[in-house]
Amino acid sequence: MEQIKFIILPFLLFTISTNILSQSSTEADSLLNEIDKAKGEKRLELIYQYSLLYEEDKKLLEIANWLEREAIDEDNDIYKVKSYSHKVRFFLFESNLDSVLYYSNKIDALSKKDEQIEDSRFLVHYYIATMYISKGYYDLAIYELNELLNSREKNDRYEAIAYQCLGFAYFASKRIDLAEINYRKSLEIMEQESEISSNTYPIYYGLIGVLIQLEQYEEALDICQRVESMIKENTEKLPQSSLDLFLYRFYVQHVHIYVALEDAPNAKKYLDMVEELPLDGIHDIFLSEKKAVYAYYYSQGKDYSRALNYVQSALEQLKESDFGTSFIEDLTELKIETLHKLKRYDEAFFEQQKFLNYKDSIYQKNVPLQLAQLSMNYELKKAQLEQQNHKTQLSKSRLINIGLVFIICFGGFLFYMNRRNMKTLKIKNKVLYKQSLDVKKYIDFIKEYRLERTKETEDFEKKTSLFEQLDAYMQESEIYKDSDITREVVAKALNTNRQYLADAIKAEMNMTFMDYVNGYRLNFARNQLIIDESVPVNNIIQEAGFISNATFYRLFKEKFGMTPSELRQAKNELETEIIK
């Protein structure tokens, strides 16, 4: 259920609203009239309240500039920080990392012991972490959030929000166990409050995504239904626009759960409920999410043409918004799978090649970028120390030297690890290849031994176990090459039923029927890759019985510890060494 990954990140942004207000023109006009009459700090507070009406609007930047000018005139650091916080939020939606970092550093420069400034500073660094996540810099986000949590003594909703974001960072980097721990920790802090607030809904939402990944659908559905009831019970405490958006997100979660459970009627029920909600003026990423939900729904219902239309439309909208990297990856995988289902193999292969090249480049791209970002953060902090601690030169120099040593050591460590990993990978692949040859010899020996014993048995059907019959049948018929193979077909060939067959595989190999079949396919594919290097990998995948290239590459890597191309490379290097 990879699809749940992409729909959590946008919802993180709702957690950071300190106030959720309705964008009614009457309220805005009333505040503007009060602003005209007010002076000093009262005027600043009214402008700030006015800005909160436009937190999800592109007008936010204009109002933030207004608040900044007024705060500068009044020499009020608290409202300068609030104006910068709004700018950080605005540029986060615009996916402008440079501007986010620029204004976050202005807040750091104004940061004092004042509690209001400290809370704003905390939120800004939270924004930065969400931006890192949107760019795929998960390790940077985790580092930023852990630093933020370590520097904060209070156990409040801001800390809960940080744990929630940390949960998503682990989720996006596929460390689901750590994601669950942090989401539950965030929820525990929020539930200690006397009353569950709207800030708790996104945490429940993220936990539901984790539970879907863990296939704990019953608990996920239970939370969905409980939160839906809580939202409806708070109709008087929330403006209608916010209420509709919260309901929309949990209706979407219902759809994902029911699609996973292959419960089409209930999935359609919640899709209809999504359509009934008035969602005018929401961010583009939510509109693309809505299209993606339809794509998954129609794909599950095998209406692949409609699914493809929705997924292409969602991808186009996402590319224009430049937000939601992991969202784009998941939709691209769905597009490839849908093209394959429609038998548009050339298009599917083309998209698959582009996607694999992109995935292979991620590691080499992100490591230097994250290292550069760490270096830039260090340089910014160094400049701040030079400005703030000019009277304590000795102390400042020590801090800079320690930081410099850390950066150099860290950079050297990353460089060393990268070089070592490249060498280790080649050595590991050679060892794995040698081991695979040894294992193959052993398996061939066992097969010959079993064959001899089988020939000595007069009554094969009575004296041979069901699993041994299955193993012999798979080897002789090579039925595993049939992409449409089912338990029913195999059970019928062995004069048994599907349950006995499944039980026999479980007892002997502790795996499912499809895992057992895929084992044969993978072994066949490995042998073909070694025997004839002129045969394209894609041809071998199809001949082995795999429908999805992505599934084949994932399973091959899990079983043999290397990719098909790495296997062939290791074979060639070993042969070259033998010749030498």
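In this text, all values refer to a predicted model and were calculated from it rather than measured experimentally.

**Q** In this structure, what is going on with the confidence of the model for the protein? I would like to understand it.
**A** When the pLDDT values of the protein are averaged, the result is 78; 73% of them are 70 or greater. Counting contacts from residues 1-24, a segment whose pLDDT is below 50, to residues more than four positions away or on other chains yields 103 contacts. Low confidence marks residues 456-463, where pLDDT is under 50. Its contacts with residues over four positions away, or in another chain, come to five contacts.

**Q** Honestly, the packing of helix 21 (residues 466-477) against helix 23 (residues 498-509) in this entry has me stumped. Any pointers?
**A** The description of two helices packed together rests on the angle between their axes and the distance between the axes. Look at helix 21 against helix 23: their axes get within 9 Å of each other, and the N-to-C directions meet at 95 degrees. The orientation of helix 21 relative to helix 23 falls into the category roughly perpendicular. Two secondary-structure elements touch here, helix 21 through Leu466, Phe467 and Leu470 and helix 23 through Tyr500, Leu501, Ala504, Ile505, Glu508 and Met509. When the residues that make up the contact of helix 21 with helix 23 are grouped by side-chain class, the tally is eight nonpolar, no polar and one charged.

**Q** Even after reading the chapter, I still don't get helix 4 (residues 60-74), so can you show me in this structure?
**A** The periodicity of an α-helix, 3.6 residues per turn, causes residues three or four places apart in sequence to face the same way. Counted at 1.5 Å a residue, the expected span for helix 4 with its 15 residues is 21 Å, and the 21 Å between its end C-alpha atoms agrees. Among the residues of helix 4, Leu60, Ile63, Ala64, Leu67, Glu68, Glu70 and Ala71 are the ones counted as buried. Of the residues one or two after helix 4, Asp75 is the one with positive phi, at around 55 degrees.

**Q** Can you walk me through helix 23 in this structure?
**A** Taking 1.5 Å per residue, 12 residues should reach 16 Å; helix 23 reaches 16 Å between its end C-alpha atoms and fits that length. Here helix 23 has its buried residues at Leu501, Ala502, Ala504 and Ile505. End-on, the buried residues of helix 23 take up no more than an arc of 160 degrees, which puts them together on one face. Those residues of helix 23 that are exposed and angled more than 90 degrees off the buried face are Tyr500 and Ala507. Where the residues of helix 23 are buried, they touch helix 21, helix 22 (487-493) and helix 24 (513-531).

**Q** Honestly, the packing of helix 24 against helix 26 (residues 549-560) in this entry has me stumped. Any pointers?
**A** Where helix 24 contacts helix 26, the two axes come as close as 11 Å, and the packing angle between them is 85 degrees. On the basis of the axis angle, helix 24 is roughly perpendicular to helix 26. Residues Asn518, Gly519, Leu522, Asn523, Ala525, Arg526 and Leu529 of helix 24 lie in contact with helix 26, whose contacting residues are Phe552, Leu555, Phe556, Lys559 and Phe560. The class makeup of the residues in the contact of helix 24 with helix 26 is seven nonpolar, three polar and two charged.

**Q** What is the right way to read the environment of Gln352 from this model?
**A** Residue placement: Gln352 occurs in helix 18 (residues 345-388). Through-space distance from the C-alpha of Gln352 to that of Asn549 is 7.7 Å; in sequence the pair is 197 residues apart. Gln352 has contacts with Ile336, Asn549 and Ala550, leaving out every residue within four places of it along the chain.

**Q** When you look at the side chain of Ser83 in this model, what are you seeing that I'm missing?
**A** Summarising the element assignment, Ser83 is placed in helix 5 (residues 77-93). According to the relative accessible area criterion, Ser83 is buried, its value standing at 0%.

**Q** Whenever I open this one, the side chain of Lys571 confuses me. Can you help?
**A** As for its position among the elements, Lys571 is in helix 27 (residues 564-579). Looking at Lys571, the relative accessible area reads 9%, which means it is buried. A polar contact is formed between the side chain of Lys571 and the side chain of Glu533, at a distance of 3.4 Å.

**Q** I keep staring at the nonpolar core and nothing clicks. Help me out?
**A** The nonpolar side chains of a soluble globular protein tend to be buried with one another. Membership of the largest hydrophobic core comes to 90 residues, with the highest contact counts inside it found for Tyr132, Ile208, Val227, Ile231, Phe250 and Ile257. Not counting the four nearest positions on each side in its chain, Ile208 is found in contact with Ala220, Ile223, Cys224, Phe250, Gln253 and Ile257. Within the second largest apolar cluster, 32 residues are counted, among which are Leu470, Val490, Ile540 and Phe546.

**Q** Is there a simple way to explain the pattern of salt bridges in this structure?
**A** Charged atoms that come close allow side chains of opposite charge to pair. Taken as a whole, this structure holds 19 salt bridges when the rule is applied. Between Glu219 and Arg184 there is a salt bridge, with its nearest N and O atoms 3.2 Å apart. Placement of the pair is Glu219 in helix 12 (residues 217-233) and Arg184 in helix 10 (residues 176-191), with a sequence separation of 35 residues. We classify Glu219 as partly exposed; its relative accessible area is 30%. On the basis of relative accessible area, Arg184 is assigned to the partly exposed category, the value being 33%. Lys268 is paired through a salt bridge with Asp272; the nearest N and O atoms lie 2.6 Å apart. Taken together, the residues span about one helical turn, with Lys268 and Asp272 both in helix 14 (residues 264-276) at a distance of four residues. Lys268 gets classed as partly exposed once you look at its relative accessible area, which sits at 33%. Among the charged side chains, a network of salt bridges with common partners joins Asp75, Asp77 and Lys80.

**Q** Would you mind going over the environment of Asn65 with me for this structure?
**A** In this structure, Asn65 sits in helix 4. Considered as a pair, Asn65 and Ser83 are 18 residues apart in the sequence and their alpha carbons are 7.0 Å apart.

**Q** What should I look at first to understand the packing of aromatic side chains in this one?
**A** Where two aromatic rings form a pair, the distance of their centres and the angle of their planes describe that pair. What the rule picks out here adds up to 24 aromatic pairs. With a centroid separation of 5.4 Å and an interplanar angle of 80 degrees, the aromatic rings of Tyr516 and Tyr520 are classed as edge-to-face. Of this pair, Tyr516 and Tyr520 both sit in helix 24, four residues apart, which is roughly one turn of the helix. Comparing Tyr516 with Tyr520, the two get one shared label, buried. In this structure an aromatic cluster arises from ring pairing among Tyr84, Phe90, Phe91, Tyr102 and Tyr103. Arg521 extends its terminal NZ or CZ atom over the ring of Phe546, reaching a point 5.7 Å from the ring centre.

Analysis parameters
- Residues numbered from 1 in each chain as written.
- Predicted model: local features only at pLDDT ≥ 70, side-chain atom pairs only at ≥ 80, totals over all residues.
- Heavy atoms only, no water.
- pLDDT = per-residue confidence, 0-100.
- Contact = heavy atoms within 4.5 Å.
- Axes fitted to C-alpha atoms, helices over the stretch in contact; angles between N-to-C directions.
- Helix = DSSP H or I, 4+ residues; strand = E, 2+ residues; numbered from the N terminus.
- Parallel < 35°, antiparallel > 145°, perpendicular 65-115°, else oblique.
- Nonpolar A, V, L, I, M, F, W, Y, C, P; charged D, E, K, R; others polar.
- Expected span 1.5 Å × (residues − 1).
- Buried < 20%, exposed > 50% of the residue type's maximum accessible area, 1.4 Å probe, protein only.
- Arc of directions from axis to C-beta.
- Polar contact = N/O pair within 3.5 Å; in protein donor to acceptor, adjacent residues only side chain to side chain.
- Core = buried A, V, L, I, M, F, W, Y, C linked by side-chain atoms within 4.5 Å.
- Salt bridge = Lys/Arg side-chain N within 4 Å of Asp/Glu carboxyl O.
- Phe/Tyr/Trp six-rings, centres within 6.5 Å; stacked < 30°, edge-to-face > 60°.
- Lys NZ or Arg CZ within 6 Å of the ring centre and 35° of its normal.

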